[in-house]
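Below, each chain spelled out in residue letters.
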Amino acid sequence: MKFMKLGSKPDCFQTDGTNVRYVVSELATDITVIVGDVKFYLHKFPLLSKSAHLQKLVTGEHNDEIYIPEIPGGSAAFEICAKFCYGMTVTLNAYNVVAARCAAEYLGMHETIEKGNLTYKIDVFLSSSIFRSWKDSIIVLQSTKALMPLSEELKLVSNCLESIAVKASADISKVDWSYTYNRKKLPEENGNNPNWNGVRNRSVPKDWWVEDLCELEIDVYKRVIVSIKNKGIVPNDVIGEALKAYAYRYLPGFSKGVLQCGDPLKYQSAVSTIVWLLPAEKGSVSSSFLSKLLKASIFLAFGDETKDELVRQMGQQLEEASVSDLLIRSPEGEAMTYDVNAVQKMVEVFLLQDHNSEIESLEEGNEIQEPRGPGILSDATKLMVAKLIDGYLAEVAKDPNLPSVKFIDLAEMVSGIARPSHDGLYRAIDMYLKEHPGIGKSDKKRICKLIDCKKLSADACIHAVQNERLPLRMVVQVLFFEQVRASASSGCSTPDLPKAIKDLTSGSHSSSRSATTNPEEDWDAVAMAEELKALKGELASLRLANGRGSSERNGDGKNGIDKAALSKMKGLLKSKKLFTKLWSSKGGGYGENSGSDSSESLGSANQEEAKSTPSRNRRHSVS
């Protein structure tokens, strides 16, 4: 820490009790200066020779008691000025220099009164020492707050801000570690490294200054960060790291996503300031940090403006988020556990980036030659978001108060994103059907239409065909595609099936069903349940055979398959007794784009099946 000594005479100030100061001298004191509740017994000549303000107060010989209750810095600052007037030794440092400078300004201790007066000497000390020191500049800046507005008028604040911003923006190759003080010393600095040759072999990190500024109050911190940003040198990710470090230091519990008890107004000021300071550029801060800010803003009951800005920024980089980042609690008074509306807005912002990029390209008159132009989302990025939303839906599906329309709308927002696997979507839908058994048939149909059975893994298919929560048509469709997969893996050709079945594989889902048809008339629930039971049994045998064959490869490298079980499966799939009922002239395929209005549940068929097979109790769950 830098310091400066003024004067050469010994310090003759004495204390009598707690509220009396006097100067030990052969001459009797002739003036009493009252500062607050402290009385100073002094001599007129030394004071009046350097202070224009005291000269005005002491107008006559009998005016030997004056009051200066509003002097900046109080009695301590006045004592420094008084000692300087007497020529006594006084030491200035980063902790008392602002108070002394403001007090000297108040007392009018300028060059016009006497050359080399106190204001001049302090200004020299500030410019030559304090503002050249990183840590002293921070200390001085902290002390200016208690001396507003005079410290602002004297440009002490602006000079500190400039000093800090310049040093934080310096080339890290020119940064000396002595700039910082909130860090652990290196071994060589402790003198514990006998091999140190005086050359530092550890590079300075680009965010070396971040922790040091966490000592500042939020309003002062805001001005520092603005000054640093205005320089335009520090990268946005470093600014983001600084804001993150400050939030973790200033907001207890923030790192865990839950604010601890404290001063709500203080927390509100900090969070709103941090949000205001966030760089607008995508990727400047992590999605996890944005999520914590959003959770804090909801906890502190912020207005929509702050929350909307955080939702927008999260949406811009949604592919970087995790499911836990999206699990944001609903505001108080909401029935839903999680704020699904906020996540929907994030997805809208994410998808809108593609649309906006295309518009910008058209406005600029540029033709998009590449599959992905600047700012346009890649297929990989979209796939990451689709998987993220699948995982999120699986979590929020457990909320009994989540309306089906919210679940479906969010799922449909990413339904247009191509995914190699629909296992995650299937798991989310199965979880929702499990937790919401009272869902209507039309909503169940709408949900299940989002699943492409061709994109379910073998394990998911096994689960699906035994899932009584799914509509019956979807179960049969899963059985068919599992058979197609099994046939392809064994090298056999796909069985010769009715046209309506083949249409499923080609994406054709036309239906001849009239609008007035009663779905109940198209289904023989008892017969269908019995045949499905047999088909499931054959599928289980086929999967068991595949399991055995996985450890024993035949000569051409394919898994060994129980040909007898495969033959039975083909026979069942060829059976028009089963599929005529499903894809008759009144029926249609139930697929991803099916126009069928049937939403029969496997459970409804099993009510009849249970009468003849009461011992059936096989259940699977992916939840």
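Residues numbered from 1 in each chain as written. Predicted model: local features only at pLDDT ≥ 70, side-chain atom pairs only at ≥ 80, totals over all residues. Heavy atoms only, no water.

An unreviewed UniProt entry lists the chain under the name BTB/POZ domain-containing protein NPY2, from Cucumis melo var. makuwa.

*Asks:* Could you clarify how one ought to interpret the overall build of the chain in this entry?
*Replies:* Along its length, the chain carries 26 helices and seven strands. Within the chain, the proportion of its 623 residues that are buried is 47%. Surface summary for the chain: the accessible area is close to 30,400 Å², and the carbon and sulfur share equals 50%. (Helix = DSSP H or I, 4+ residues; strand = E, 2+ residues; numbered from the N terminus. Buried < 20%, exposed > 50% of the residue type's maximum accessible area, 1.4 Å probe, protein only. Areas by Shrake-Rupley, 256 points an atom, 1.4 Å probe, with all protein chains shown as cover.)

*Asks:* Sorry, what's going on with the pairing of strand S4 (residues 31-35) here?
*Replies:* Two faces make up the sheet, and in a regular strand the side chains alternate between them. The buried fraction of S4 is high, at five of five residues. Of the two faces of S4, the one lined by Ile31, Val33 and Val35 and the one lined by Thr32 and Ile34 are each fully buried. Sheet topology note: the S4/strand S5 (residues 38-42) ladder contains five bridges and is antiparallel. When the bridges of S5 are listed, Val35 appears paired with Val38. In this antiparallel pair of consecutive strands, S4 and S5, the connection spans two residues, and Gly36 shows a positive phi of 70°. (Pairing = 2+ DSSP bridges.)

*Asks:* Honestly, the packing of helix H17 (residues 404-413) against helix H19 (residues 441-448) in this entry has me stumped. Any pointers?
*Replies:* Angle between the axes and distance between the axes are the two parameters that describe a pair of packed helices. As a packed pair, H17 and H19 sit with axes 10 Å apart at the nearest point and diverge in direction by 20°. The orientation of H17 with respect to H19, classified from their angle, is roughly parallel. In this structure, the crossing between H17 and H19 has a hand that is left-handed. Contacts between H17 and H19 involve Ser404, Phe407, Ile408, Asp409 and Glu412 on the former and, on the latter, Asp443, Arg446 and Ile447. In terms of residue class, the contact of H17 with H19 is made up of three nonpolar, one polar and four charged. (Axes fitted to C-alpha atoms, helices over the stretch in contact; angles between N-to-C directions. Parallel < 35°, antiparallel > 145°, perpendicular 65-115°, else oblique. Left-handed = near helix turned anticlockwise from the far one by under 90°. Contact = heavy atoms within 4.5 Å. Nonpolar A, V, L, I, M, F, W, Y, C, P; charged D, E, K, R; others polar.)

*Asks:* What exactly am I supposed to notice about the nonpolar core here?
*Replies:* Inside soluble globular proteins, nonpolar side chains tend to come together where they are buried. Counting residues in each nonpolar core, the largest one holds 157 residues, and the members touching the most others are Val33, Leu42, Phe78, Trp209, Leu213, Tyr221 and Leu326. Residue contacts for Leu213: discarding those within four places in its chain leaves Trp134, Ile138, Ile164, Tyr221, Val224, Ile228 and Tyr246. (Core = buried A, V, L, I, M, F, W, Y, C linked by side-chain atoms within 4.5 Å.)

*Asks:* In this structure, what is going on with the environment of Glu412? I would like to understand it.
*Replies:* Residue position: Glu412 is located in helix H17. Separated by 38 residues in the primary sequence, Glu412 and Leu450 have C-alpha atoms spaced 7.3 Å apart. The residues contacting Glu412, other than those within four sequence positions of it, are Arg446 and Leu450. A distance of 2.9 Å separates a polar atom in the side chain of Glu412 from a polar atom in the side chain of Arg446. (Polar contact = N/O pair within 3.5 Å; in protein donor to acceptor, adjacent residues only side chain to side chain.)

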